[in-house]
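# Close look at the chain arrangement
Listed below, chain by chain, are the residues.
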Amino acid sequence: MTSPFFGEFLGTFVLILLGDGVVAGVLLEKSKAKDSGWIVITAAWAFAVILGVFTAKAFGSADAHLNPAVTLAFAVQSGEYSKIPIYLPAQFLGAFLGAVAVYLHYLPHWKETKDSGKILAVFSTDPAISNPPSNFFSEFLGTFILILGIHSIFSAQIADVTTPMGVFFIGILVWVIGLSMGGTTGYAINPARDLGPRLAHYLLPIANKGNSGWRYAWLPILAPLAGGTVAGIFLKTIL
């Protein structure tokens with residue numbers, strides 16, 4: 001069963017199960033983790049990235065991107081685009097099914113939660129202040145820093161970083177992006193992370209859910225892809 005497709009799929013599934021899972025724990029009524037706060041959410045997302053990357057590598061994806069923006073960035077940098085049609089469908093499918101698993105895991109809690117905004121927040125991002133140009137820049141810049149950080153961690157200039165150590169540093173990178181930059185838009189920085197779960201929210205029979213926020217949905221897709229593309233061009237030009 002190991003293959004690049006399956007590795008990306010399963011790694012992204014784990015990423016979303018644990019990442020959206022912590023948001024559900026913090027926001028849903030009668031959860032023992034309710035109201036534990038932003039530091040808990042950002043920490044668990046960082047650890048979810050670490051576990052997702054290790055899972056992807058263990059099951060066949062040497063790259064373990066888990067993120068279409070990362071895949072696009074390094075395709076632009078290298079000029080090799082053959083992984084895009086393999087990785088992207090796996091990432092979106094893994095994100096969708098990871099969100100379905102979160103729904104099933106917290107099944108009794110949806111009907112106890114009357115706030116449809118909190119229910120949507122379990123699955124997808126939304127800006128703290130709706131300002132599309134500013135929101136776009138936030139997601140663009142966060143993704144750019146993500147790509148720059150990943151490249152730097154594994155660069156030849158830091159040759160003594162082992163792969164497991166590098167994966168932990170990537171988790172720290174995602175953690176600090178969430179702490180420092182995530183307060184504006186919820187730091188999607190990953191089109192699959194937002195679109196897959198948002199689609200799950202739309203399709204699943206979730207008690208007390210409202211609309212799925214499709215008017216905003218384009219932004220956490222296009223802004224990270226733009227940030228990844230510019231980061232890829234930057235690395236290709238500079239190096």
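Notes on the structure follow. (Residues numbered from 1 in each chain as written. Predicted model: local features only at pLDDT ≥ 70, side-chain atom pairs only at ≥ 80, totals over all residues. Heavy atoms only, no water.)

Moving on, we get to the overall build of the protein. On a plain count of helices and strands, the protein comes out with 10 helices and zero strands. Beginning at the N terminus, the succession of helices and strands in the protein can be written as α-α-α-α-α-α-α-α-α-α. Its C-alpha radius of gyration of 17 Å places the protein within 12% of the 18 Å reference for a compact globule of 239 residues. The C-alpha extent of the protein, read off along each of the three principal axes, is 50 × 40 × 30 Å. For the protein, the proportion of its 239 residues judged to be buried stands at 52%. Counting only contacts in the protein whose residues sit at least 6 apart along the sequence, the fraction spanning at least 24 positions is 78%. (Helix = DSSP H or I, 4+ residues; strand = E, 2+ residues; numbered from the N terminus. Rg over C-alpha atoms; globule rule 2.2 N^0.38 Å. Buried < 20%, exposed > 50% of the residue type's maximum accessible area, 1.4 Å probe, protein only. Contact = heavy atoms within 4.5 Å.)

On to the side chain of Asp194. Inspection of the secondary structure puts Asp194 in helix H8 (residues 191-203). Since its relative accessible area comes to 0%, Asp194 is described here as buried. There is a polar contact of 2.8 Å between the side chain of Asp194 and the side chain of Arg198. Asp194 has contacts with Phe123, Ser124, Thr125, Ala188 and Pro220, leaving out every residue within four places of it along the chain. (Polar contact = N/O pair within 3.5 Å; in protein donor to acceptor, adjacent residues only side chain to side chain.)

Here helix H2 (residues 38-58) spans 30 Å end to end across 21 residues, near enough to the 30 Å set by a 1.5 Å rise per residue. Two residues or fewer after H2 comes Gly60, characterised by a positive phi angle close to 120 degrees. (Expected span 1.5 Å × (residues − 1).)

With that out of the way, let us pick up a nonpolar patch on the surface. A cluster of nonpolar residues, Phe5, Ile86, Leu93 and Leu97, forms a patch on the protein surface that exposes about 290 Å² of accessible area. Counting residues per element, the nonpolar patch draws most heavily on helix H4 (residues 84-105), at three residues. Mapped onto the elements, Ile86 comes out in helix H4. (Patch = residues over 30% accessible without salt bridge, like charges linked within 9 Å, V, L, I, M, F, W, Y side chains within 5 Å. Areas by Shrake-Rupley, 256 points an atom, 1.4 Å probe, with all protein chains shown as cover. Salt bridge = Lys/Arg side-chain N within 4 Å of Asp/Glu carboxyl O.)

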